[in-house]
Amino acid sequence: MKVTLSRGPFFRFALWALLAGSSARAAAAEPAPTPSFLRWGGDAEGGAPFVEADPNDPAKVRGFDVEVAQAIARGLGREPRFVQVAFSSIDASAARGDFDIGMSGVEDTPARREMLSVTLPYFEFREVLTVRAADRERYRGLEGLRGRRVGTLGATIAYEVLLANRGRFGYQPVSYDDDVHPYTDLAEGRLDAVLLDNIIAARSVRRVPGLAILPGIVATGRYVGVLSKENAALRDRIDGILAEAMRDGTLERIYRKWGIWDDSQGIFFRKALSARAPGAAPADATRPSGGAAIRYLPSLLRAAGITLLLSCVAMALAVLLGIGIAGGRIYGGFLLRSALTGYVELVRGTPVLLQLFVLYYGLSAIVRLPAFVAALLGLGLNYAAYESEIYRGALEAVPRVQLEAARTLGLSEWLILRLVRGPQAFRLALAPMTNDFVALLKDSSLVSVITVVELTKQTAIFATNIGSWVVPGALCAAIYLAMSLPLSRLARRLEKRWSAGP
Amino acid sequence: MTELLRIDGLRLSRGGREVLKGIALQVERGQFVALMGLSGSGKSTALRATVALDCFQAGRIEVDGFVLKPGPVPPESRLAPLRRKAGIVFQAHALFEHLTSLENVVLAPVRVLGQPVGQARDRAMGLLDSLGVAGRAGARPGELSGGEAQRVAIARALAMDPPLLLMDEPTAALDPARRGSLGETLQGLSGEGRGLLVATHDTDFARDFADRVVILADGVVAEEGSPSLLRHPSNPATKALLDHRASPPSS
């Protein structure tokens, strides 16, 4: 588990879509292994103590995962070679053979065991709750958090635990794409608690002032190495090496060096060694089993409701603001026109993802917007720029001579706008507006980067959960199409109707 | 006073070119004046200046006591009296595309004059009927022929009951038969006591229906007088205009 700075869900989907069903081909696709090297994949963005760039030699990496990999390579008689891979892509890359083994805080989950060859777990971590120091006495565990917001990294055991116990304890789980922002949001009061691995919690409490870790253990999980299914033989050799490293104290030395050793680790080693055939599942709290993704349909539909609500309200905001901007740019004075033109160019010239980040995280020192509000504002303000261009174009497309005729009839500028120019511009704008709404419906998936769980995010969560994108992806696509196709048809009909003349 | 429109020394430049170089003309009540000239002679420009759509650099325009002076076009709020005194029918008829014929005619009386809708509709139907397009009251501009649209546009201007009516090339889109009936309609309007200033390069139309003709050439009034001067042209500009009529009209 580690920091990935926001790979959007689309990115992940693309990767997984490419991958779906590719494990059968993986053996064939795998380049001939270089016997003298052990290629191991990890994400140096994860940071210490997992994997981080060596401050003394940034071309190298260091961390306990790095040293475990080195120990494995030694046991195999190979030289370790690090392959940088985005954390969210470790599974996919392992499956297609980009490297021999992936390991940087990779959790042992049933989904992974189904898709990949999983090594003997080499570290047991504890899911712990972090709260603001002032609340240390107030909360004892998940049970005290009714009505509160509890954050974590998405697609992890911690998130599964939060989801599984939501009904019982009545808190609101909030999923993040990285493991840094949950803690900063906690310090700022957007969250009331964060549930994550004790290693990450300890590191974050050192980095972010004013936080405290609660003593209780909510769940436990284990880190494993992942190899492609076809690589089971190598996995078995690695298991032997890991077992030996547990016995002879190699792992203990590594963990002590990185300050993550405690007695419970020794107990875990003994358990792991006595039950060498791992099989045992990770987190105690949840056991998301694979099976019919259709069970997820109700949650997907709920998430689709969020998508639809978000899109509708954001569009309404975009339309209102867009009308204001277009009006200001046509009727306003020089200053107003310049300011509005600047706004439109700024918004259209920068990624909406950046705008969402700035709104939610960047401004949080000044105004602490709730995630849904930030999402609404972000999408609304962004689309307002595009809508305003549509309206401006439509207003300017109304023939000048009609406006002059209206003036000579004695209509005021306002009446002309309301009765002559506006209604005709509206008809011209309807089709492009509908198209934009369809685009907004899809762009709304971007707000998952600021913790809003909408349709795409929910799909990604389930897909990770059951270890396949095929069914969740198809369901998700079907729901998006069910929302967007009627709108696209409407746009085409409007276009035909108004382009053929009134 | 019988004078409805008086233009004196009107100079108007556009895009660095002096379109009008000091023209003078008058229109009296009950008079149908044809403002003639080849394309680009400044006819339309003079009409636009008269209804304060364009500004002018020198001279004076007086519409039934309302005076326009050189300089920027005054704000619309100050032009309200002018709007009641002068109506205009554009060559491209400029009907509001999203409204039916009837709605086009009713819009200004209701919104500007505050007439009750029912009364405005009755009057509008009367106007459309008198112009022979009552049957097209429910049609939208896109469904009208050129001649029908022209008549609806006239009805729209007349609904405000302006004493002075300006028209720009009203015969451009009409076949000869409709041209004749339009001429009679306009004569009827001047018979009611309205003043008409009609920009046209259609010499037959002017000769057959106008009370007076004013001929523009190179931004000045080349000749003016009764329509009979079109029968015996002496001025070179008038001759050029007559020679030109064989070729298709263009604006």
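Sequence order sets the numbering: in each chain, residues are counted from 1 along the sequence as written. Chain A is the first chain written and ligand 1 is the first ligand written, with later ones labelled in order. Residues qualify for local features only when their pLDDT is at least 70, as the model is predicted, and side-chain atom pairs are given and counted only at 80 or more; totals for whole chains, interfaces and linings, by contrast, use all residues.

1. Here's the deal with the overall build of chain A
Working definition: helices are DSSP H or I runs of at least four residues, strands are E runs of at least two. Numbering for both runs from the N terminus. For chain A, the count of helices and strands is 19 helices and 13 strands. Residues are called buried when their C-beta atom has 20 or more other C-beta atoms within 10 Å, exposed when it has 12 or fewer, and partly exposed otherwise; all C-beta atoms are positioned from the backbone. Within chain A, the fraction of its 502 residues that count as buried is 46%. Any pair of residues counts as being in contact when their C-beta atoms, constructed from backbone geometry, are within 7 Å of one another. Sequence-distant contacts, at least 24 apart, represent 78% of the contacts inside chain A between residues at least 6 apart.

2. Let's talk about the overall build of chain B
Each helix and strand counted, chain B has eight helices and 10 strands in total. Looking at chain B as a whole, 46% of its 251 residues qualify as buried. By sequence separation, contacts in chain B at least 24 residues apart represent 64% of the contacts at least 6 residues apart.

3. Quick word on the interface of chain B and chain A
Counting from both sides, the interface comprises 21 residues of chain B and, opposite them, 19 residues of chain A. Sorting the residues of the side of chain B that touches chain A by element identifies helix 2 (80-85), strand 6 (86-89) and helix 3 (101-111) of chain B as the ones contributing at least two each. Each residue receives one of three labels: charged for Asp, Glu, Lys and Arg, nonpolar for Ala, Val, Leu, Ile, Met, Phe, Trp, Tyr, Cys and Pro, and polar for the others, Gly being one of them. For the side of chain B that touches chain A, the class distribution of residues is 12 nonpolar, three polar and six charged.

4. Some points on the nonpolar core
Residue and element names in this part refer to chain A. Within the largest apolar cluster, 124 residues are counted, with the highest numbers of intra-cluster contacts made by Ala193, Leu195, Val226 and Val447. It is helix 15 (residues 371-397) that provides the largest number of residues to this core, a total of 11 residues. In contact with Val226, not counting residues within four places along its chain, are Ile90, Asp91, Ala94, Ile101, Gly102, Val106, Arg112, Leu116 and Val118. Residues enter a nonpolar core if they are buried, belong to Ala, Val, Leu, Ile, Met, Phe, Trp, Tyr or Cys, and are joined to the set through C-beta atoms within 7 Å.

5. Topic: the sheet that holds strand 2 (residues 17-28) of chain B
Residue and element names in this part refer to chain B. Read from one edge of the open sheet, four strands run 2-1-4-5, paired in antiparallel fashion. Strand pairing shows two members of the sheet lacking a second neighbour, strand 2 and strand 5 (66-68), which therefore form its edges. The mean angle between the axes of side-by-side strands here comes to 20°, regardless of whether they run parallel or antiparallel. Relative to strand 5, strand 4 (residues 58-63) is paired through three bridges, and the arrangement is antiparallel. Along strand 5, the bridge assignment pairs Glu62 with Val67. With axes taken as lines fitted to C-alpha atoms, and helix axes fitted only over the stretch in contact, angles between N-to-C directions fall between 0 and 180 degrees. Seen against the sheet, helix 1 (residues 43-50) touches strand 1 (3-14), strand 2 and strand 4 and runs at an angle of roughly 115° to strand 1. When DSSP locates at least two bridges between a pair of strands, those strands are taken to pair.

6. With respect to the environment of B:Leu128
All names here are of chain B. Secondary-structure assignment places Leu128 in helix 4 (residues 117-130). Along the backbone, Leu128 and Ile154 are 26 residues apart, and their C-alpha atoms lie at a distance of 8.9 Å. When residues no more than four places from it in sequence are discounted, the contact partners of Leu128 are Ser101, Val105, Val133, Ala134, Ala137, Val152 and Ala155.

7. A look at the sheet that holds strand 7 (residues 164-168) of chain B
Residue and element names in this part refer to chain B. The mixed open sheet is built from six strands, whose spatial order is 6-7-8-3-9-10. Edge positions in the sheet fall to strand 6 and strand 10 (220-225), since each has one partner strand and no second. Across the sheet, the mean angle separating the axes of adjacent strands is 20° when strand polarity is ignored. Here five bridges tie strand 7 to strand 8 (residues 195-200), and the two strands are oriented parallel to one another. Bridged to Asp168 within strand 8 is Ala199. Against the sheet, helix 5 (residues 146-158) engages strand 6 and strand 7, with an angle of about 170° to strand 6.

8. Focus on unusual backbone geometry
Residues and elements named next belong to chain B. With phi around 40°, His93 is a residue other than glycine that occupies positive phi space. With respect to the secondary-structure elements, His93 resides in the loop between strand 6 and helix 3. Residue His93 is classed as buried on the basis of its C-beta count, with 24 C-beta atoms lying within 10 Å. One non-glycine residue, Asp218, adopts positive backbone phi at about 55°. Looking at Asp218, the number of C-beta atoms within 10 Å reads 15, which means it is partly exposed.

9. Structural notes on helix 15 of chain A
To estimate how far a helix should reach, multiply one less than its number of residues by 1.5 Å. For helix 15 of chain A, built from 27 residues, the straight-helix expectation of 39 Å at 1.5 Å per residue is met to within 8% by its first-to-last C-alpha distance of 39 Å. A residue's bend is the angle separating two fitted axes: one through the seven residues that end there, the other through the seven that start there. Maximum bend of helix 15 of chain A: about 25°, positioned at A:Ala384.

10. Observations regarding the environment of A:Gly144
All names here are of chain A. By the secondary structure assignment, Gly144 is in the loop between strand 7 (123-132) and strand 8 (149-153). The exposure class assigned to Gly144 is partly exposed, which follows from the 17 C-beta atoms found within 10 Å. In the structure, Gly144 is positioned 27 residues away from Tyr171 in sequence and 8.8 Å away in space, judged by C-alpha atoms. Among all residues touching Gly144, those that are not within four sequence positions of it are Arg138 and Tyr139.

11. Here's the deal with the confidence of the model for chain A
Detailed reading of the predicted model is not advised wherever pLDDT is low. Residues and elements named next belong to chain A. pLDDT expresses how confident the predictor is about each individual residue, on a scale running from 0 to 100. Per-residue pLDDT for chain A has a mean of 85; in total, 87% of the residues score no lower than 70. Confidence over residues 1-30 falls short of pLDDT 50; this stretch has 78 contacts with residues more than four positions distant or in other chains. Within the model, pLDDT remains below 50 along residues 278-291, and this stretch shows 34 contacts once partners closer than five positions in the same chain are excluded.

12. Let's talk about the packing of helix 3 of chain B against helix 4 of chain B
Residues and elements named next belong to chain B. Taken N-terminus to C-terminus, the directions of helix 3 and helix 4 make an angle of 130°; their axes are 9 Å apart at the nearest point. Between helix 3 and helix 4, the interaxial angle falls into the category oblique. Every pair of crossing elements has a handedness; the one defined by helix 3 and helix 4 is right-handed. Along its contact with helix 3, which presents Ser101, Leu102, Val105, Val106, Pro109 and Val110, the element helix 4 presents Val117, Ala120, Arg121, Ala124, Leu127 and Leu128. For the contact of helix 3 with helix 4, a count of residues per class yields 10 nonpolar, one polar and one charged. The cut-offs work like this: below 35 degrees is roughly parallel, past 145 is roughly antiparallel, 65 to 115 is roughly perpendicular, and the gaps in between are oblique. Two helices cross in a left-handed way if the nearer one is turned anticlockwise from the farther one by less than a right angle. They cross in a right-handed way if the turn is clockwise.

13. Here we look at the pairing of strand 8 of chain B
Residues and elements named next belong to chain B. Of all six residues in strand 8, six are buried, a share of seventy percent or more. Residues of strand 8 alternate between two faces, with Gly195, Leu197 and Ala199 on one and Leu196, Val198 and Thr200 on the opposite face, all of them buried. In terms of strand pairing, strand 3 (residues 32-36) meets strand 8 through five bridges, oriented parallel. Among the inter-strand pairings, Met36 is bridged to a residue of strand 8, identified as Thr200.

14. Description of helix 5 of chain B
All names here are of chain B. Taking 1.5 Å per residue as the helical rise, helix 5 with its 13 residues ought to reach 18 Å, and the 18 Å between its terminal C-alpha atoms agrees with that figure. Taken across its 13 residues, helix 5 has 12 buried, putting it largely inside the fold. Within the span of helix 5, buried status applies to Gly147, Glu148, Ala149, Gln150, Arg151, Val152, Ala153, Ile154, Ala155, Arg156, Ala157 and Leu158. Contacts made by the buried residues of helix 5 are with strand 6, helix 3, helix 4, strand 7 and helix 6 (176-191).

15. Quick notes on the packing of helix 14 (residues 352-360) of chain A against helix 15 of chain A
How two helices pack is summed up by the angle between their axes together with the distance between the axes. All names here are of chain A. Put simply, helix 14 and helix 15 touch, their axes get as near as 9 Å, and they point 140° apart. Viewed along their axes, helix 14 and helix 15 adopt a mutual orientation that is oblique. Considering how the two elements wind past one another, helix 14 and helix 15 form a crossing that is right-handed. Every residue of helix 15 that contacts helix 14 at Val352, Gln355, Leu356, Leu359 and Tyr360 is listed here: Ala371, Ala374, Leu377, Gly378 and Asn382. Residues that form the contact of helix 14 with helix 15 fall into these classes: seven nonpolar, three polar and no charged.

16. Describing the environment of B:Val27
Within the element layout of this structure, B:Val27 appears in strand 2. Remark: the alpha-carbon pair of B:Val27 and B:Leu164, spanning 137 residues in sequence, is separated by 8.6 Å.

17. A short note on the pairing of strand 3 (residues 57-62) of chain A
Across a regular strand the side chains alternate sides, sitting on one face of the sheet and then on the other. Residue and element names in this part refer to chain A. In this structure, strand 2 (residues 52-54) lies alongside strand 3, joined through three bridges in antiparallel fashion. Within the sheet, the bridge partner assigned to Glu52 lies in strand 3 and is Arg62. Between the end of strand 2 and the start of strand 3, which pair antiparallel, lie two residues.

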